[in-house]
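Overview (structure and organization)
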Amino acid sequence: MLEIKDLKKSFGDTLVWDNVNLTINDGTTLAIIGKSGSGKSVLMKHLNGLMYPDSGNVLIDGRNLNDLTYVDLRIVRQKFGVLFQGGALFDSISAFENVAFPLRYFTRKTEKEIRDRVMSCLEMVNLENIGDKGTSELSGGMKKRVGLARAIVLEPEYLLYDEPTSGLDPETSDEINDLIIHMSKNLSITSVVISHDMHSVLRVAEFAAFIDEQKLSWYGTIDELKKSDNKRLMEFTRASEYQI
Amino acid sequence: MQLFLEIGKYCRLLYEAIRSATEFKTYRKNLFSEMVKTGVDSLGIVSLAGFFTGAVLTIQTSYQFTSALIPKSTIGAITSQSMIIELAAVISGLVLAGRVGARIATELGNMRVSEQIDALESMGFNSVTFLVIPRVIAGILTFPIIYMATAISGIIGGAIVGYMTNTVTTYEFMEGARLYFFPWDVAFGVIKSFVFGFVITSISCYKGYFASGGAEGVGYATTRATVLSCIYVLLSSFVLAALLL
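Report on the accompanying structure.

Procedures and definitions
Residues numbered from 1 in each chain as written. Chains lettered and ligands numbered in written order. Predicted model: local features only at pLDDT ≥ 70, side-chain atom pairs only at ≥ 80, totals over all residues. Heavy atoms only, no water. Helix = DSSP H or I, 4+ residues; strand = E, 2+ residues; numbered from the N terminus. 1 Å grid on protein atoms, 1.4 Å probe; cavity = no way out; pocket = protein on both sides within 12 Å on 5 of 7 lines; lining within 4 Å. Points joined across faces, edges and corners; volume = space filled by probe spheres on them. Nonpolar A, V, L, I, M, F, W, Y, C, P; charged D, E, K, R; others polar. Pairing = 2+ DSSP bridges.

**A few points about unusual backbone geometry**
If a residue is not glycine, its phi is most likely negative; likewise, a peptide bond is most likely trans. All names here are of chain A. Despite not being glycine, Asn19 shows a phi value in the positive range, around 60°. Counting through the fold element by element, Asn19 comes out in strand β2 (residues 14-24). One non-glycine residue, Gln214, lies in the positive phi region at around 65°. You can see Gln214 is positioned in the loop between β9 (207-212) and β10 (215-221).

Right under this line is the structure:
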């Protein structure tokens, strides 16, 4: 379970988060929605300790990130898989090696076992024929799928998706949405999706948290979101291309 | 205030690097590839720079020594001494500040802005161990070799140009070089190159690692890394000369 308690964060004089509380239960998919620049990615980076709050706490399975040493934090981080906005693939190695990368350093698998695991993850994201292509040869959608394969290769308990469908055409976006649903349902992974793409949010998430003016403005299930009379949330969803 | 903040962040990065230097398994593979990129790949350009520096030094020395009372072997002595004590280390340092420093800052800066460093940390890696330590160690280990290659090229360049321009025979040139050769001068050059290797790679790692703001930010970080590396190469050369000579 992921818990955020009384989180406050600012960069210089700019307040990003003010007293945010949020709980993400195991096995669920939560979408964090809000305008661009509202601090959604900042919140995501607090969940696995890439950023620390000015005050407040982030708890992973009851363990407070503030109390962990750097060595313990690195162990806790291995519970997470992260799909970054641009894929964040290492451009000095091939797509295959990107997926194999964590296995080579954090497991004692043989070369055959690594190959089998990488191929099975690439199959999951429908890229089994990617071979030894360099990352510069991949399209935006392929990069995200390789990034997703890399994120799940160590069988994480939590998956964080940062704008998984941004910059993609509708068809590729749908493929990514299907993959997110597949990961949540078939692998029982707790997922947090950062997005402002309402079409994607309504497809993949069970819960939604709406961020507005440095606060958690609204939280509920997707069904509740569709019926919500929260004015700011309604404005946000109405402005989306997707009609509820 | 900003200066103190920068110094603090730089020291913190170095502290992190030193603290995690024992995790050799993590950076072993990177260390060898960095030694090739920093050392082996730089040998051509520094040898060329050394060769022409030695050549120019020989021509200028012979141009200034017009008296027949000064033995021609002095040209060899001055060229080799200048190369060994000062020029080989500083010339290679300045060349590498541009070649190696810019590469390191650009690589790490791009990794920072494209979230590759965040990706490393997210997987449970210590990004400093993985990215900074191999680059700094590679710099420290390979710069002395580069220094020696530059010094040797400079002496060879001086001897060849002296012979080709009929200003000094190769025998006289080498006689002068041998006569004024002191092992401590080489040790001094090696010490300087160790320091330059550390200064250039650590500053460039720092600038790249903390780059921000997209392509413009990476460009800025690269420029700052190169300029600061050059300044600190000259400054540390002065300090070491004042302390050790």
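**Re empty space enclosed by the protein**
Scanning all chains against the criterion turns up one cavity of 30 Å³ or more. Lining the largest cavity, in full, are Arg77, Gln78, Phe80, Gly81, Val82, Phe84, Arg150, Ala151 and Leu154 of chain A together with Ala119, Ser122 and Met123 of chain B. If you list the elements that add at least two residues to the lining of the largest cavity, you get β6 (80-83) and α5 (140-152) of chain A together with α5 (116-123) of chain B. In terms of residue class, the lining of the largest cavity is made up of seven nonpolar, three polar and two charged.

**Notes on the pairing of β10 of chain A**
All names here are of chain A. In the sheet, β9 pairs with β10 via six bridges, with the strands oriented antiparallel. Looking at β10, one finds that Phe210 is bridged to Trp218. Here β9 hands over to β10 after two residues, with Glu213 in that stretch at a positive phi of 50°.

**Here we look at the sheet that holds β2 of chain A**
All names here are of chain A. Pairing within the open sheet is antiparallel, and its four strands lie in the order β2-β1-β4-β5. Edge strands, defined here as strands with exactly one partner in the open sheet, are β2 and β5 (63-64). Bridging between strand β4 (residues 55-60) and β5 involves two bridges; their strand directions are antiparallel. Directly across from Ile60, in β5, lies its bridge partner Arg63.

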